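# Analysis of the macromolecular model
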Amino acid sequence: MVELLPSILSSDFAHLADEVAAAERGGGTVIHVDVMDGHFVPNITLGPPVVKKLRKATKLPLDCHLMIDNPNEFIPAFAEAGANWVSVHYEACPHLHRTLELIIHHGMKPGVVLNPATRVDLIADILPMLHHVLIMSVNPGFGGQEFIPFSLDKIRQLAEMRSVKGLAFKIEVDGGIAHDTIARVVQAGAELLVAGNAVFGSGAAEEDTRSLLAAARQAAGEA
Ligand code: DX5
Ligand code: ZN
């Protein structure tokens, strides 16, 4: 089943609870939360205190995408704040296995994120530990960027690895997901579809979530 994950990065932060509620009414099932530290990526967003408030504003799972150096230092704080899924960048984790164990130890679902230039086969050995793999289809740091087409090959490759190894992790895609790209990523094998600008960019989060999800379901043959 495909799922639409509204990314609050492009929402009106002054009305965050209302924005999330609108996206939920439109069919969003997991809230994607972009955490940026100004070091790993050239932008700063939010941290555990905002996640803690968001936790009270919605019952949906919170998918925290950590675009930060030294994620190990902050994993306990995100657990305490109420994060449900936590994904860390392959490029930020010299001891990735240890980091994933830390996420699991804190009762959260672990994911690994791959930048556009990072090869899918680098994570082959730790795939059995993962709840999800996030393929970045833009370089992380900003909303509203253009989709990078070779991400589709990476999604296909990952889906093939999953099937050959008989694993159940989910394939998430993030960056440039909109009406002109969503069918292609679904057909390539992604089922968790993150969208920021396409959901919150025009001020009609409910309607825009609903129409994107409909397009994704149609592409998946679920409509
Ligand atoms: C980018 C973030 C994305 C961002 C996607 O670094 O990880 O989650 O919100 O935004 P759009 O959907 O606008 O490309
Ligand atoms: Zn993200």
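Residues numbered from 1 in each chain as written. Chains lettered and ligands numbered in written order. Predicted model: local features only at pLDDT ≥ 70, side-chain atom pairs only at ≥ 80, totals over all residues. Heavy atoms only, no water.

So, on to the site of ligand 1. As a matter of local geometry, ligand 1 sits amid 20 residues, with Ser 7, Asp 34, Gly 141, Gly 144 and Asp 174 nearest to it. Take Gly 176: an N or O atom from its main chain is 2.8 Å from an oxygen atom of ligand 1. Gly 196 places a polar main-chain atom, nitrogen or oxygen, 2.8 Å from an oxygen atom of ligand 1. Taking 380 Å² as the accessible area of ligand 1 by itself, protein coverage stands at 99%. Secondary-structure elements contributing two or more residues to the shell around ligand 1 are strand E2 (31-36), strand E3 (62-67) and strand E8 (192-195). It is E2 that provides the largest number of residues to the shell around ligand 1, a total of three residues. (Near = heavy atom within 4 Å. Polar contact = N/O pair within 3.5 Å; in protein donor to acceptor, adjacent residues only side chain to side chain. Areas by Shrake-Rupley, 256 points an atom, 1.4 Å probe, with all protein chains shown as cover. Helix = DSSP H or I, 4+ residues; strand = E, 2+ residues; numbered from the N terminus.)

We now examine the pattern of salt bridges. Tallied over the full model, the rule gives five salt bridges. Where Arg 25 meets Glu 206, a salt bridge forms, and the shortest distance between an N and an O atom there is 2.9 Å. Residue Arg 25 is located in helix H1 (residues 16-25), and its partner Glu 206 is located in helix H8 (residues 205-220); the two are separated by 181 residues in the primary sequence. The class of Glu 206 is buried, set by a relative accessible area of 19%. In this structure, Glu 206 and Arg 210 form a salt bridge, with 2.8 Å as the shortest nitrogen-oxygen distance. Linking Glu 206 with Arg 210, this pair stays in helix H8, spanning four residues, or about one helical turn. Classification of Arg 210 by relative accessible area gives partly exposed; the value is 41%. Linked by salt bridges that have partners in common, Arg 25, Glu 206 and Arg 210 make up one network. (Salt bridge = Lys/Arg side-chain N within 4 Å of Asp/Glu carboxyl O. Buried < 20%, exposed > 50% of the residue type's maximum accessible area, 1.4 Å probe, protein only.)

So, on to the side chain of Glu 3. Considering the arrangement of structural elements, one finds Glu 3 in strand E1 (residues 3-6). Buried Glu 3, no salt bridge; nearest opposite-charge side chain is Lys 170, N-O distance 4.7 Å. Looking at Glu 3, its side chain comes within polar contact range of the side chain of Thr 29, at 2.8 Å. Sequence-distant contacts of Glu 3, that is, excluding residues within four places in its chain, are made with Thr 29, Val 30, Glu 191, Leu 192, Leu 193 and Leu 213. (Lys, Arg positive; Asp, Glu negative; His and termini not counted. Contact = heavy atoms within 4.5 Å.)

So, about the pairing of strand E4 (residues 85-89). Across the five residues of E4, five count as buried, placing the element largely inside the fold. Across four bridges, E3 lies against E4 in parallel orientation. In the strand pairing of E4, His 65 is matched with Ser 87. The parallel pair E3 and E4, bridged by helix H3 (residues 75-81), forms a crossover whose chirality is right-handed. Pairing analysis gives five bridges linking E4 to strand E5 (residues 109-114), with the strands arranged parallel. Within E5, the residue paired with Ser 87 across the bridge is Gly 111. (Pairing = 2+ DSSP bridges. Right-handed = clockwise from strand over helix to strand, strands pointing away.)

Of note, Pro 76 is situated in helix H3. Residue class for Pro 76 comes out partly exposed when judged on its relative accessible area of 35%. Between the C-alpha atom of Pro 76 and that of Leu 213, which follows or precedes it by 137 residues, the distance is 33 Å.

Summarising the metal site, the zinc ion (ligand 2) is bound by the protein donors His 32 (NE2), Asp 34 (OD), His 65 (ND1) and Asp 174 (OD), whose distances to it range over 2.1 to 2.3 Å. For the zinc ion (ligand 2), the six donor atoms in the first shell make angles of 71 to 168° at the metal, a pattern classed as octahedral. Summarised as a motif, the one-chain spacing of the donors to the zinc ion (ligand 2) is H-x1-D-x30-H-x108-D. Separated by 140 residues along the polypeptide, Asp 34 in strand E2 and Asp 174 in strand E7 (residues 170-174) bring together distant segments of the chain. (Donors = N, O, S within 2.8 Å, 3.2 Å for Na, K, Ca; no water. Tetrahedral: all angles 85-135°; square planar, octahedral: opposite > 155°, others 65-115°.)

So, about the packing of aromatic side chains. One pass over the full model with this rule turns up zero aromatic pairs. The ring centre of Phe 169 lies 5.7 Å from the NZ or CZ of Arg 162, which sits over that ring. (Phe/Tyr/Trp six-rings, centres within 6.5 Å; stacked < 30°, edge-to-face > 60°. Lys NZ or Arg CZ within 6 Å of the ring centre and 35° of its normal.)

Moving on, we get to the sheet that holds E4. Read across the open sheet, the eight strands follow the order E1-E8-E7-E6-E5-E4-E3-E2; overall the sheet is parallel. The sheet terminates laterally at E1 and E2, the two strands that pair on one side only. For this sheet, the mean angle separating the axes of adjacent strands, direction not counted, is 25°. Sheet topology places strand E6 (residues 132-136) next to E7; five bridges connect them, and they run parallel. When the bridges of E7 are listed, Val 133 appears paired with Ile 171. (Axes fitted to C-alpha atoms, helices over the stretch in contact; angles between N-to-C directions.)

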